[in-house]
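One-letter residues, chain by chain:
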Amino acid sequence: MSRSGYTYVCRFDALEEGVPRRFEVEGVPVSLVLTEREVFAIHDVCSHSAVSLSEGEVDGFTVECWLHSSRFDLRTGHPLDRPATRPVPVYPVRIEDGDVHVQVTGTP
Ligand code: FES
């Protein structure tokens, strides 16, 4: 981890638009999602039951949990549909020189 609290995760080029990728960042499971212009980092565990959101489908600014179809807003982590009712943490992302860094401090 750098002094800023951001941790290098991968090269930007390693991400494919609309295809979530799971990483362990400082021991925290994180799904990185490249949308049209932006990279989002969302906790890679659904708040309804502990399955990986990186195995879900991305549509716009949402990722849909594959197990019961709750969609989560990648910008806020809030669920848009039941059965999930609790948000999932989202983390700040920085891109520097083609490197993707994520800040996972303050995780649950
Ligand atoms: S496990 Fe994700 S919505 Fe149920």
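Engineer: So what exactly am I meant to see when it comes to the packing of aromatic side chains here?
Structural biologist: Each aromatic ring pair is summarised here by two numbers: the centre-to-centre distance and the angle between the ring planes. For the coordinates displayed, the defined rule picks out one aromatic pair. Note on F40 and F61: the rings are 5.7 Å apart at their centroids and 90 degrees apart in plane angle, and the pair reads as edge-to-face. Within this pair, whereas F40 is found in strand β4 (residues 39–43), its partner F61 is found in the loop between β5 (57–59) and β6 (62–64), the two being separated by 21 residues in sequence. In this structure F40 comes out as buried when scored by relative accessible area, which is 8%. Between the NZ or CZ atom of R94 and the centre of the ring of Y6, over which it lies, the distance is 4.1 Å.

Engineer: Even after reading the chapter, I still don't get the nonpolar core, so can you show me in this structure?
Structural biologist: By size, the foremost hydrophobic cluster in this structure holds 15 residues, and its most contacted members are L15, V30 and L32. Contributing elements (two or more residues each) for this core: β1 (6–11), β2 (21–25), β3 (28–34), β4 and β10 (99–103). Top element by residues in this core is β3. It accounts for four residues. Within the second largest apolar cluster, 13 residues are counted, among which are C46, L53, C65 and F72.

Engineer: Which parts of the structure should I look at to understand the sheet that holds β3?
Structural biologist: Strand pairing in a sheet relies on backbone hydrogen bonds. The paired strands run either parallel or antiparallel. Pairing within the open sheet is antiparallel, and its four strands lie in the order β2-β3-β4-β8. Only two strands of the sheet have a single neighbouring strand rather than two, namely β2 and β8 (90–91). Relative to β3, β2 is paired through five bridges, and the arrangement is antiparallel. Across the sheet, R22 pairs through a bridge with S31, a residue of β3.

Engineer: I would appreciate a short explanation of the sheet that holds β10 in the present structure.
Structural biologist: Ordered in space as β1-β10-β9, the three strands form an open sheet in which the pairing is antiparallel. If you trace the sheet from one side to the other, it starts and ends with β1 and β9 (93–96), each paired once. Strand-to-strand twist of the sheet, defined as the mean angle between neighbouring strand axes without regard to direction, takes the value 30 degrees. Bridge count between β1 and β10: five bridges; the pairing is antiparallel. Bridge pairing in β10 places C10 opposite V100.

Engineer: Help me understand the pattern of salt bridges, please; the structure alone is not making it clear to me.
Structural biologist: Note on pairing: side chains with opposite charge can pair once their charged atoms come close. According to the stated counting rule, one finds six salt bridges in the structure shown. Between R71 and D81 there is a salt bridge, and its shortest N-O distance comes to 2.8 Å. With R71 in strand β7 (residues 71–73) and D81 in the loop between β7 and β8, this residue pair connects regions lying 10 residues apart in the sequence. Residue R71 is classed as partly exposed on the basis of its relative accessible area, which comes to 30%. For D81, a relative accessible area of 22% puts it in the partly exposed group. When salt bridges that share partners are traced, they join R22, E24 and D44 into one network.

Reading guide: rules and limits
Residues numbered from 1 in each chain as written. Predicted model: local features only at pLDDT ≥ 70, side-chain atom pairs only at ≥ 80, totals over all residues. Heavy atoms only, no water. Phe/Tyr/Trp six-rings, centres within 6.5 Å; stacked < 30°, edge-to-face > 60°. Helix = DSSP H or I, 4+ residues; strand = E, 2+ residues; numbered from the N terminus. Buried < 20%, exposed > 50% of the residue type's maximum accessible area, 1.4 Å probe, protein only. Lys NZ or Arg CZ within 6 Å of the ring centre and 35° of its normal. Core = buried A, V, L, I, M, F, W, Y, C linked by side-chain atoms within 4.5 Å. Pairing = 2+ DSSP bridges. Axes fitted to C-alpha atoms, helices over the stretch in contact; angles between N-to-C directions. Salt bridge = Lys/Arg side-chain N within 4 Å of Asp/Glu carboxyl O.

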